[in-house]
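Coordinate inspection notes
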Amino acid sequence: MYIFPHPDDESFGPAGAIDKQIQEGNEVILLTLTKGGATKVRHQLGLTVQEMGKVREKEMQKVQRTLGISEMTILDYEDGGLAKINPSYLESEILKWIQYYRPNVVVTYPVHGGSGHHDHITLHHIIKRLFFNKNEGLNFWKRLAYFTVIDTGLPMFFEGGIPRVTWTKKEDILVTEQLSQANITKMKEALLCYDTYQEMVKTTNVIDRIGNKTHFELEAETPPNMLSSLTESINP
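The following paragraphs examine the structure supplied in this document. Model, not experiment: these values are computed from the prediction. (Residues numbered from 1 in each chain as written. Predicted model: local features only at pLDDT ≥ 70, side-chain atom pairs only at ≥ 80, totals over all residues. Heavy atoms only, no water.)

Some words on helix α4 (residues 87-101)
Taking 1.5 Å per residue as the helical rise, α4 with its 15 residues ought to reach 21 Å, and the 21 Å between its terminal C-alpha atoms agrees with that figure. Considered for burial, the residues of α4 that qualify are Leu-90, Glu-91, Glu-93, Ile-94, Trp-97, Ile-98 and Tyr-101. Seen from one end, α4 has its buried residues packed into an arc of 165°, which puts them on one side. In α4, the exposed residues that point more than 90 degrees away from the buried face are Tyr-89 and Tyr-100. (Helix = DSSP H or I, 4+ residues; strand = E, 2+ residues; numbered from the N terminus. Expected span 1.5 Å × (residues − 1). Buried < 20%, exposed > 50% of the residue type's maximum accessible area, 1.4 Å probe, protein only. Arc of directions from axis to C-beta.)

Some points on the pattern of salt bridges
Applying the stated rule across the entire model yields eleven salt bridges. Among the salt bridges present, the one from Lys-20 reaches Glu-177, with a minimum N-O distance of 3.0 Å. Residue Lys-20 is located in helix α1 (residues 15-23), and its partner Glu-177 is located in strand β6 (residues 175-178); the two are separated by 157 residues in the primary sequence. Lys-20 gets classed as buried once you look at its relative accessible area, which sits at 11%. Among the residues examined, Glu-177 registers a relative accessible area of 0% and is labelled buried. A salt bridge links Asp-151 to Arg-164, with the shortest nitrogen-to-oxygen separation between them at 2.9 Å. One end of the pair, Asp-151, is in the loop between β5 (143-148) and β6; the other, Arg-164, is in the loop between β5 and β6, and 13 residues separate them in sequence. A relative accessible area of 9% means that Arg-164 is categorised as buried. Among the ionic contacts, a cluster of salt bridges with common partners joins Lys-20, Glu-24 and Glu-177. (Salt bridge = Lys/Arg side-chain N within 4 Å of Asp/Glu carboxyl O.)

Quick look at the layout of surface pockets
Regions of empty space are outlined by a rolling probe, equal in size to a water molecule, passed over the atoms. In this model, the largest pocket occupies a volume close to 870 Å³. Taken together, 31 residues form the lining of the largest pocket, with Asp-8, Phe-12, Tyr-197, Met-200 and Thr-204 sitting closest to its centre. Those elements that place two or more of their residues in the lining of the largest pocket are α2 (41-45), β5 and α7 (198-204). Looking at the lining of the largest pocket element by element, the count peaks at five residues for α7. Counted by class, the lining of the largest pocket contains eleven nonpolar, 13 polar and seven charged residues. As for the second largest pocket, its lining consists of 16 residues, and the residues nearest its centre are Met-1, Asn-26, Glu-27, Asn-104 and Val-105. Residues of the lining of the second largest pocket, tallied by class, amount to nine nonpolar, four polar and three charged. (1 Å grid on protein atoms, 1.4 Å probe; cavity = no way out; pocket = protein on both sides within 12 Å on 5 of 7 lines; lining within 4 Å. Points joined across faces, edges and corners; volume = space filled by probe spheres on them. Nonpolar A, V, L, I, M, F, W, Y, C, P; charged D, E, K, R; others polar.)

A few points about the packing of aromatic side chains
Any aromatic ring pair is given by two values, namely how distant the centres are and how the planes are angled relative to each other. What the rule picks out here adds up to ten aromatic pairs. Where Phe-131 meets Phe-132, the ring centres are 5.7 Å apart and the plane angle is 80°; that geometry is what we call edge-to-face. Grouped by ring-pair contacts, the aromatic residues Tyr-2, Phe-4 and Tyr-109 constitute a single cluster. Against the face of Tyr-197 rests Arg-56, its NZ or CZ located 4.4 Å from the ring centre. (Phe/Tyr/Trp six-rings, centres within 6.5 Å; stacked < 30°, edge-to-face > 60°. Lys NZ or Arg CZ within 6 Å of the ring centre and 35° of its normal.)

Quick look at the structure:
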């Protein structure tokens, strides 16, 4: 079960791994907390936040069909406003959906949020708290993983003293999924579903940045060797 704040979070990076996981026989579920209507692209299209949210919801439904995601739920919390919501309320909301879908593995963003986006970081802490506080009723939930990229090792600050987002250290990567050309093609197809976001796809160079490997951190696990899938060596 992938839990992300916005439409396109599932395609900007993990889509190739999602395709691989589905092809291996896993059922993949997607929960998104917002419709992503606050994106600046709406100004170019002359749309309101609500109208843009409807456009992105339709684009996301195309992604579901493209990747073969089993079930998908799109909530309508304020895009860009998750950090302002009572975390206990969000925690109850997410817990409800985890109990409904009963995943063995939950995937979200790491502590840096991938991009430093406050929605991403807020979601990380809420899901991490849920994982550590889970009771016997959540025994089906075996693993918490974070989709991530390896840090560049560049200086902590850009020219002018502006800090950059520090990604995950190489030694903290515990799962690396090797993607086939077919998986990479599916990732490209998923990204193409977002007609309104093609400029961002080009700007971020996401396909080349991910390459043919997708990386994950694991919470509260220290496997002796790098795992090759999110379901490998899950404790019974």
